[in-house]
Amino acid sequence: VWQKRKLNVSSRGGAYARRDMSSRVEPGVLLEKVGSAGVITINRPKVLNALDMTMVRQIYPQLKKWDNDDEIDIVIIKGAGGKAFCAGGDIRAVTEAGKAGDPLAEDFFREEYILNNAIGECRKPYIALIEGITMGGGVGLSVHGRFRVATEKTLFAMPETAIGLFPDVGGGFFLPRLRGKLGMFLALTGFRLKGRDVQRAGVATHFVERKKIPELEKELVGLKSPSAEDVCRVLDSYQQQVKNPQRLQNISQNGFRHTLSRMSPTSLKITHKQLQAGATMSLQDVLVMEYRLSQACMRGCDFYEGVRAVLVDKDHSPKWNPSTLEEVTQQTVDQCFSSLGEKDLTF
């Protein structure tokens with residue numbers, strides 16, 4: 001399944017030029033040195049820059065290399081096409097692998113989380129230009145870096161509970177660290193934050209007008225031996241050019257309850273415990289916990305049913321099992337967090 005997919009067309013369709021149309025296959029990721037910056041461009045615009053295994057395997061070694069390269073001062077990551085930074089991981093490929101017992105169902109999560117950790121540990125200033133749709137796996141490519149720049153076109157969400165999963169890629173680390181209970185709310189409901197609200201919520205560190213992004217990027221790659229403080233000063237100067245509109249949008253209680261009633265009850269309980277535990281854990285420990293949860297979801301049924309309902313048949317009528325929160329026992333939840341022994345994630 002996976003070999004065929006890698007050589008041909010992505011599961012979400014048309015990311016690579018079909019061979020009968022063109023002998024030139026566009027790479028899913030562009031890795032370039034521009035001035036003293038390492039620039040990563042996620043390059044699958046036709047599928048909203050969905051992240052697949054090949055891309056993870058390209059980005060990770062290059063990021064490690066740049067982090068130890070004296071000629072690279074900063075790392076910039078951005079998405080091609082203008083519609084999305086990265087709309088998430090290639091979940092359909094993972095679902096098919098899980099059904100077939102293909103090792104991709106283990107390997108994708110493992111290698112993606114190792115990349116998330118490397119971003120968190122990157123010693124060079126790491127700047128994610130999160131323009132457009134930034135969800136799931138795309139959040140993992142950005143939120144653990146030092147700087148995240150939103151624009152008026154940014155659309156952020158962690159919508160995993162709607163497909164029988166949980167807000168992974170380190171969601172258990174960054175979400176509980178947002179102010180108040182905002183992170184728990186975003187995790188359980190998959191609520192979408194737009195534009196300036198992404199920065200107000202603390203998901204982005206800066207907000208810059210979309211039309212200024214090319215100019216900002218040019219200034220960043222032109223910096224001479226910049227420190228994190230130098231980068232911050234540049235980002236601050238662009239943010240200060242923005243007029244300050246109203247506060248973070250209000251969210252109604254009724255909408256909240258209605259949204260929760262559509263989510264996987266198992267996912268909701270797992271997510272609640274994940275965020276409570278993650279609040280006091282390191283990013284690495286959270287990713288170890290989340291890898292255990294990912295494999296529990298692969299063993300269960302709600303993930304496959306959620307992907308069917310939302311991404312495949314698109315009837316948006318999943319039949320969750322169990323179908324109510326009351327039926328999800330504490331024992332079931334606790335089992336999802338138990339060690340995988342020698343299969344546990346290690347760094």
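Keep in mind the model is a prediction, meaning the values are calculated, not measured. Throughout, a residue's number is its position along its own chain's written sequence, starting from 1. Predicted model: local features are reported for residues with pLDDT of at least 70 only, side-chain atom pairs are reported and counted for 80 or more only, and whole-chain, interface and lining totals are derived from all residues. Calculated side-chain values reflect all of the structure's heavy atoms, with hydrogen atoms and water omitted.

Enquirer: What exactly am I supposed to notice about unusual backbone geometry here?
Expert: Note that the residue after N321, namely P322, is joined by a cis bond; omega there is 0°. Note on conventions: DSSP H or I runs of at least 4 residues are helices, E runs of at least 2 residues are strands, and numbering of each starts at the N terminus. Within the secondary structure, P322 sits in the loop between helix 14 (302-312) and helix 15 (330-336). Residue L48 is not a glycine yet carries a positive backbone phi of 55°. With respect to the secondary-structure elements, L48 resides in the loop between strand 2 (37-42) and helix 2 (53-67). Even without being a glycine, V169 presents a positive backbone phi close to 45°. Tracing the backbone shows V169 in the loop between strand 8 (155-157) and helix 6 (171-174). By relative accessible area, V169 is classed as buried at 0%. Accessible area is worked out with a 1.4 Å probe on protein chains only. A residue is then buried under 20% of its type maximum, exposed over 50%, and partly exposed in between.

Enquirer: Explain the pattern of salt bridges here, please?
Expert: Where side chains of opposite charge bring their charged atoms close, a pairing between them can arise. Here, a salt bridge means any Lys or Arg side-chain nitrogen found within 4 Å of an Asp or Glu carboxyl oxygen. Tallied over the full model, the rule gives 16 salt bridges. Of the charged contacts in the structure, one is a salt bridge between E111 and R57, with a shortest N-O distance of 2.8 Å. In this pair, E111 sits in helix 4 (residues 104-121) while R57 sits in helix 2, placing the two residues 54 residues apart along the sequence. E111 gets classed as partly exposed once you look at its relative accessible area, which sits at 23%. Between R200 and D197 there is a salt bridge, with its nearest N and O atoms 2.7 Å apart. Of this pair, R200 and D197 both sit in helix 8 (residues 196-200), 3 residues apart, which is roughly one turn of the helix.

Enquirer: Help me understand the sheet that holds strand 7 (residues 147-150) in this model?
Expert: Strands pair in a sheet through their backbones, by hydrogen bonds, and they do so in one of two ways: parallel or antiparallel. The strand order across the open sheet built from 6 strands is 1-2-3-5-7-10, with neighbouring strands paired in mixed fashion. With one partner strand each, in any of the chains shown, strand 1 (29-34) and strand 10 (206-207) form the two edges of the open sheet. Any two strands with at least two DSSP-identified bridges between them are counted as paired. Sheet topology places strand 3 (residues 74-79) next to strand 5 (residues 126-130); 4 bridges connect them, and they run parallel. Its bridge partner lying in strand 5, K78 is registered against L129. Strands strand 1, strand 2, strand 3 and strand 5 of the sheet are contacted by helix 2, whose axis makes an angle of about 20° with strand 1. Residues count as neighbours in contact if any of their non-hydrogen atoms are within 4.5 Å of one another. Here the axes come from fitting lines to C-alpha atoms, over the contacting stretch only for helices, and the angles between their N-to-C directions go from 0 to 180 degrees.

Enquirer: Explain the packing of helix 4 against helix 13 (residues 283-299) to me, please; I cannot follow it from the model alone.
Expert: Each pair of packed helices gets described by two things: the angle between the helix axes and the distance between those axes. Viewed as axis vectors pointing N to C, helix 4 and helix 13 meet at an angle of 160°, and their least axial separation amounts to 10 Å. It follows that helix 4 is roughly antiparallel to helix 13 by the angle criterion. As helix 4 runs across helix 13, the sense of the crossing is right-handed. From helix 4, A105, E106, F109, R110, Y113, N116, N117, G120 and E121 reach across to helix 13, where they touch L283, Q284, L287, E290, Y291, S294, Q295 and M298. Each residue is assigned to one class: nonpolar for Ala, Val, Leu, Ile, Met, Phe, Trp, Tyr, Cys and Pro, charged for Asp, Glu, Lys and Arg, and polar for all the others, Gly among them. Of the residues that constitute the contact of helix 4 with helix 13, the class distribution is 7 nonpolar, 6 polar and 4 charged. Should an angle fall under 35 degrees it is called roughly parallel, over 145 degrees roughly antiparallel, and 65 to 115 degrees roughly perpendicular, with every other angle called oblique. By the definition used in this description, the sense in which the near helix is turned from the far one sets the handedness, with an anticlockwise turn below a right angle giving left-handed and a clockwise turn giving right-handed.

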